[in-house]
Structures are given as structure tokens and as C-alpha cells.
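# Survey of secondary and tertiary structure
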Amino acid sequence: MVGANLSGRGRRPRRYFYEHYACGSERNYTNYCNSELEKMYEQQSIEPDQAKRKKLVWEIDRRLTEDGARPIIFNYRLGTCHYPQCTG
């Protein structure tokens, strides 16, 4: 049996990580608990350097996948375009 989480990530990884992978969270359906990673959730949230923050998020993602907390059962590809010159 597989339960899919289709809530998406949005722009705030900290909220997503805490909601789905924090010890005791209501939506942590796998009951995954890793206090070391919870410290990393907080660390990436307050990191002012965006490049460092991105590395932390990718490291958290890698560990969640390796620990089996977030098994990858499919990978859909879609195009998303961002133009830095367009704002608002």
C-alpha cells in the first residue's frame, strides 16, 4: 500500500519539512523522526546566504530519501520558466 503526499512544497521548505517529517507532526504519516535533521530544518530557515541555504535543503532532501522517509515512486517532469527581469 502506498500513500501519496500531493501537497507540494511551495517556497518554504522549513514548513514542509516540519509538517511532513518532524517528530510527532500530525501529517508525518511515516512516523519518521530524526532530531539531527530537525536542527537542519531550522538551520536552513535562518541561513541568510541563499547558496548555502539551497545546499542545506538538498542535503536534507538527500537524507530523507536515503532514510526511506520520502521514497521516490515517480518523477514527473514539467517546465517552469523564471525570468529575473520580470517582477510583480
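Look up: the structure comes first, before these words.
Residues numbered from 1 in each chain as written. Predicted model: local features only at pLDDT ≥ 70, side-chain atom pairs only at ≥ 80, totals over all residues. Heavy atoms only, no water.

### Re the environment of Gln44
Rules: Helix numbers and strand numbers start at the N terminus; a helix is a DSSP run of H or I with at least 4 residues, a strand a run of E with at least 2. We call a residue buried when its accessible area falls under 20% of the maximum for its residue type, exposed when it is over 50%, and partly exposed in between, using a 1.4 Å probe and counting protein chains only.
Position of Gln44 relative to the elements: it lies in helix α2 (residues 35–46). For Gln44, a relative accessible area of 0% corresponds to the buried category. Separated by 10 residues in the primary sequence, Gln44 and Lys54 place their C-alpha atoms 7.9 Å from one another.

### Examining the nonpolar core
The test is simple: Remark: nonpolar core denotes a set of buried residues (Ala, Val, Leu, Ile, Met, Phe, Trp, Tyr, Cys) joined through side-chain atoms within 4.5 Å. Residue contacts are defined here by distance: any two heavy atoms, one from each residue, within 4.5 Å place the two residues in contact.
Listed in full, the 12 residues of the largest apolar core are Tyr16, Phe17, Tyr21, Tyr32, Leu37, Met40, Tyr41, Leu56, Val57, Ile60, Leu64 and Ala69. With four residues, helix α3 (residues 50–66) is the largest single contributor of residues to this core. Beyond its immediate stretch of four places on either side in the chain, Ala69 contacts Tyr21, Thr30, Tyr32 and Leu64.

### Some words on the state of the cysteines
The condition that has to hold: Only a pair of cysteine sulfur atoms within 2.5 Å counts as a disulfide in this structure description.
What the rule picks out here adds up to one disulfide. Put simply, Cys23 and Cys33 are joined by a disulfide, and their sulfur atoms are 1.9 Å apart. With the S-S dihedral at roughly 95°, the linkage between Cys23 and Cys33 falls on the right-handed side. Separated by 10 residues along the polypeptide, Cys23 in the loop between α1 (13–21) and α2 and Cys33 in the loop between α1 and α2 bring together distant segments of the chain. Residue classification places Cys23 among the partly exposed residues on the basis of a relative accessible area of 30%.

### Some details on the environment of Tyr29
By the secondary structure assignment, Tyr29 is in the loop between α1 and α2. Residue Tyr29 is classed as exposed on the basis of its relative accessible area of 62%. Residues Tyr29 and Ala69, spaced 40 residues apart in sequence, show a C-alpha to C-alpha distance of 9.5 Å.

### Here's the deal with the packing of α1 against α3
Going by this rule: Each axis is a line fitted through C-alpha atoms, and for a helix only the stretch in contact is used; angles between axes span 0 to 180 degrees, taken between their N-to-C directions. The cut-offs work like this: below 35 degrees is roughly parallel, past 145 is roughly antiparallel, 65 to 115 is roughly perpendicular, and the gaps in between are oblique. By convention, the crossing between two helices is left-handed when the near helix turns anticlockwise from the far helix through less than a right angle, and right-handed when the turn is clockwise. Residues are grouped as follows: Ala, Val, Leu, Ile, Met, Phe, Trp, Tyr, Cys and Pro are nonpolar; Asp, Glu, Lys and Arg are charged; every other residue, Gly included, is polar.
Following both chains from N to C, one finds α1 and α3 inclined at 20°, their axes separated by 12 Å at the closest point. Considering their axes alone, α1 and α3 lie roughly parallel with respect to each other. Here α1 runs over α3; the crossing is left-handed. Along its contact with α1, which presents Pro13, Phe17 and Tyr21, the element α3 presents Arg53, Val57, Ile60 and Leu64. Per-class residue counts for the contact of α1 with α3 are six nonpolar, no polar and one charged.

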